[in-house]
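These are the residues of each chain, in order.
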Amino acid sequence: MKKIFYLILLSFLLSCSFPHYMIENKAQTTGLDFTKGKWLINDIDCPSNVYKEFTEMSSKDFRNYLQDRLYPLYEVKGIILPQKIDFNPSKKTLKDMKKGCNDFDYFINIKARKLKEDIAGLDLTPHRTNNRQGANESEVLIEVYNLNLSEIIYSQKVIGITTTVNDNQDVHLSKNSRSLLFGAYNKIMRDIDKKSIKN
């Protein structure tokens with residue numbers, strides 16, 4: 001009973017902005033076939049302060065499906081690829097990629113970026129003197145290419161947003177852009193997990 005009282009009291013004392021995640025590509029109705037092929041995962045294009053975590057997390061997540069058939073780009077020697085591979089590459093680019101990494105069947109490309117960072121994760125400004133306005137916003141994109149067919153076989157983007165709320169609370173919690181990056185990434189991985197063929 002005491003716990004319930006404290007939870008109710010806490011909800012009166014502070015206000016939270018809950019994040020909203022929007023999946024962009026509703027046309028992506030299929031997942032991936034993880035049962036075959038040799039997979040290469042690109043060096044992740046993301047802010048430097050999340051690079052290590054994103055690299056470890058994405059390698060672990062895809063390795064759960066692929067085991068020893070997943071290879072991080074930075075660990076493989078003898079590959080000739082452009083330093084940056086843009087999203088939605090042309091068929092010609094995909095054919096060139098196949099020539100540059102001939103042993104591989106699939107290529108995973110991940111990009112994560114912060115779009116806005118207007119509000120602090122914890123705002124202690126008294127509501128009488130604060131006109132809370134703004135938003136935190138981040139996006140994550142994941143594409144997978146079949147190099148043998150020179151085709152994009154999976155493409156998804158998720159945008160995570162949290163906005164400020166003008167209320168009567170003096171303590172306000174919001175997800176920062178960094179947290180939104182991981183939330184958006186996890187939403188795509190759940191989409192992949194739900195739609196894909198696994199071993």
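Here the structure is a predicted model, which means the values were calculated and not measured.

Caption draft 1: Representation of the packing of helix 2 (residues 51-66) against helix 4 (residues 177-195). Axis separation between helix 2 and helix 4 bottoms out at 12 Å; the angle between their running directions is 10°. The orientation of helix 2 with respect to helix 4, classified from their angle, is roughly parallel. Of helix 4, the residues touching helix 2 (which contributes Glu 53, Phe 54, Met 57, Ser 58, Asp 61, Phe 62 and Tyr 65) are Arg 178, Leu 181, Phe 182, Tyr 185, Asn 186, Met 189, Ile 192 and Asp 193. Split into classes, the residues belonging to the contact of helix 2 with helix 4 amount to nine nonpolar, two polar and four charged.

Caption draft 2: Structural context of the side chain of Ser 150. Along the polypeptide, Ser 150 turns up in the loop between strand 7 (135-146) and strand 8 (151-163). When neighbours within four sequence positions are excluded, Ser 150 is seen to be in contact with Lys 91, Leu 94 and Lys 95.

Caption draft 3: Representation of the environment of Phe 54 within the structure. Mapped onto the elements of the fold, Phe 54 is located in helix 2. For the pair Phe 54 and Tyr 185, spaced 131 residues apart in sequence, the C-alpha to C-alpha distance is 9.0 Å.

Caption draft 4: Spatial organisation of the sheet that holds strand 5 (residues 106-117). Spatial ordering of the open sheet is given by 2-8-7-5-3-4, a layout of six strands whose pairing is mixed. What marks the edges here is a single partner per strand, and that holds for strand 2 (20-23) and strand 4 (70-72). Averaged over all neighbouring strand pairs, the angle between strand axes comes to 20°, with direction disregarded. Of the pairings in the sheet, the one linking strand 2 to strand 8 comprises four bridges and is antiparallel in character. Residue Ile 23 lies in a different strand from strand 8, and its bridge partner there is Val 158. Sheet contacts for helix 2: strand 3 (39-41), strand 4, strand 5 and strand 7; angle to strand 4, the most-contacted strand, approximately 160°. Contacting strand 5, strand 7 and strand 8, helix 3 (residues 91-100) crosses the sheet at an angle of about 110° to strand 8.

Rules of the game
Residues numbered from 1 in each chain as written. Predicted model: local features only at pLDDT ≥ 70, side-chain atom pairs only at ≥ 80, totals over all residues. Heavy atoms only, no water. Axes fitted to C-alpha atoms, helices over the stretch in contact; angles between N-to-C directions. Helix = DSSP H or I, 4+ residues; strand = E, 2+ residues; numbered from the N terminus. Parallel < 35°, antiparallel > 145°, perpendicular 65-115°, else oblique. Contact = heavy atoms within 4.5 Å. Nonpolar A, V, L, I, M, F, W, Y, C, P; charged D, E, K, R; others polar. Pairing = 2+ DSSP bridges.

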